[in-house]
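Architecture at a glance
Letter by letter, the chains look like this.
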Amino acid sequence: MKSTKEQRKQIKIRQKMMGMSESDYRAFLSGWDVGSCTEMSREQAGEAIAALDKQMLSYGICSKGVEFWASAPGNLKARYDDLLPRDACFATPAQLRYLEKLWVQVTRQKTWVRAMDAFKAFLQNRFHVGDILWVKREDVGKIANVLKVMQDE
């Protein structure tokens, strides 16, 4: 039997979550001798989802609901790269992605947009920073430490 629509959706969401390029995705699918998840059987799709979940865990990406990741921007691995070159007093794109990753692990919001709105409010209330783009390099450690404490609770 062919893979279900829900299985294909789950595979695509996980691809997006990991920021997997199209060529990396096709290489991943080649392990099942298919060029697309629509060509997979239900069993193969289940194996692919399990493999992607295992890969996500190794990357430290927490699992959120379908709605959350469906609303996330395309390539999270390259997010904020357009800010380069950037004034040295501000956090680097990698640091901004790290803070977002920590926030995603602690937020209870159901969609990406709501999670980022809540993060903006958190930064404003706790650190008097109006937006993640304005985080100073010297404050990254403080913000990360607070988020890690929240994660442990």
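Above this text sits the structure in question.
Residues numbered from 1 in each chain as written. Predicted model: local features only at pLDDT ≥ 70, side-chain atom pairs only at ≥ 80, totals over all residues. Heavy atoms only, no water.

Thoughts on the packing of helix α6 (residues 112–127) against helix α7 (residues 140–152)
Keep this limit in mind: In this analysis, axes come from line fits to C-alpha atoms, helices being fitted only over the stretch in contact, and the angle between any two N-to-C directions falls in the range 0 to 180 degrees. Secondary structure is summarised from DSSP: a helix means a run of H or I of at least four residues, a strand means a run of E of at least two, and numbering begins at the N terminus for each. Orientation is classified from the angle alone, with under 35 degrees giving roughly parallel, over 145 giving roughly antiparallel, 65 to 115 giving roughly perpendicular, and any other angle giving oblique. Less than a right angle of anticlockwise turn of the near helix away from the far helix marks a crossing as left-handed, whereas a clockwise turn marks it as right-handed. In this analysis, two residues are considered to be in contact whenever any of their non-hydrogen atoms come within 4.5 Å of each other. The residue classification treats Ala, Val, Leu, Ile, Met, Phe, Trp, Tyr, Cys and Pro as nonpolar and Asp, Glu, Lys and Arg as charged. All others, Gly included, are polar.
Between α6 and α7, the least distance of the axes is 12 Å, while the angle of their chain directions is 115 degrees. In this view, α6 runs roughly perpendicular relative to α7, as classed from their interaxial angle. Considering the relative orientation of α6 and α7, their crossing is right-handed. Of α7, the residues touching α6 (which contributes F119, F122, L123, R126 and F127) are K142, I143, V146, L147 and M150. Residues of the contact of α6 with α7, tallied by class, amount to eight nonpolar, no polar and two charged.

Overview of the packing of helix α5 (residues 93–106) against α6
Packing of α5 against α6 brings their axes to within 10 Å, and their N-to-C directions diverge by 110 degrees. Looking at the two axes, α5 sits roughly perpendicular to α6. Of α6, the residues touching α5 (which contributes L99, E100, W103 and V104) are W112, A115, M116, A118, F119 and F122. Of the residues belonging to the contact of α5 with α6, the class tally is nine nonpolar, no polar and one charged.

A short note on the pattern of salt bridges
Defined as follows: Salt bridge criterion: a side-chain nitrogen from Lys or Arg within 4 Å of a carboxyl oxygen from Asp or Glu. Three exposure classes are used, based on accessible area relative to the maximum for each residue type with a 1.4 Å probe and protein chains only: buried under 20%, partly exposed in between, and exposed over 50%.
Scanning the entire structure with this criterion turns up five salt bridges. In this structure, R97 engages D81 in a salt bridge whose closest nitrogen and oxygen atoms are separated by 2.8 Å. Here R97 is found in helix α5, whereas its partner D81 is found in the loop between α4 (66–70) and α5, with 16 residues between them in sequence. For D81, a relative accessible area of 34% corresponds to the partly exposed category.

Concerning the nonpolar core
Defined as follows: Take the buried Ala, Val, Leu, Ile, Met, Phe, Trp, Tyr and Cys residues and link them wherever side-chain atoms come within 4.5 Å; each set so joined is a nonpolar core.
The biggest cluster of nonpolar side chains holds 25 residues, and the ones touching the most others in it are L99, W103, F119, L123, V135 and L147. Elements represented by at least two residues in this core include exactly α5, α6 and α7. It is α6 that provides the largest number of residues to this core, a total of seven residues. Those residues within four positions of F119 in sequence are excluded, and the remaining contacts are L99, E100, W103, I132 and L147. In this structure, M18, M20, L29 and M56 belong to the second largest nonpolar core, which totals 17 residues.

Focus: unusual backbone geometry
Cis geometry is found at the peptide bond from L84 to P85, where omega equals -10 degrees. Inspection of the secondary structure puts P85 in the loop between α4 and α5. Notably, D33 is not glycine yet its phi reads approximately 55 degrees, a positive angle. Relative to the elements of secondary structure, D33 occurs in the loop between α2 (22–29) and α3 (42–59). Residue D33 is classed as exposed on the basis of its relative accessible area, which comes to 72%. Even without glycine at this site, H128 takes up a positive phi of about 55 degrees. Turning to its location among the elements, H128 is positioned in the loop between α6 and α7. On the basis of relative accessible area, H128 is assigned to the exposed category, the value being 65%.

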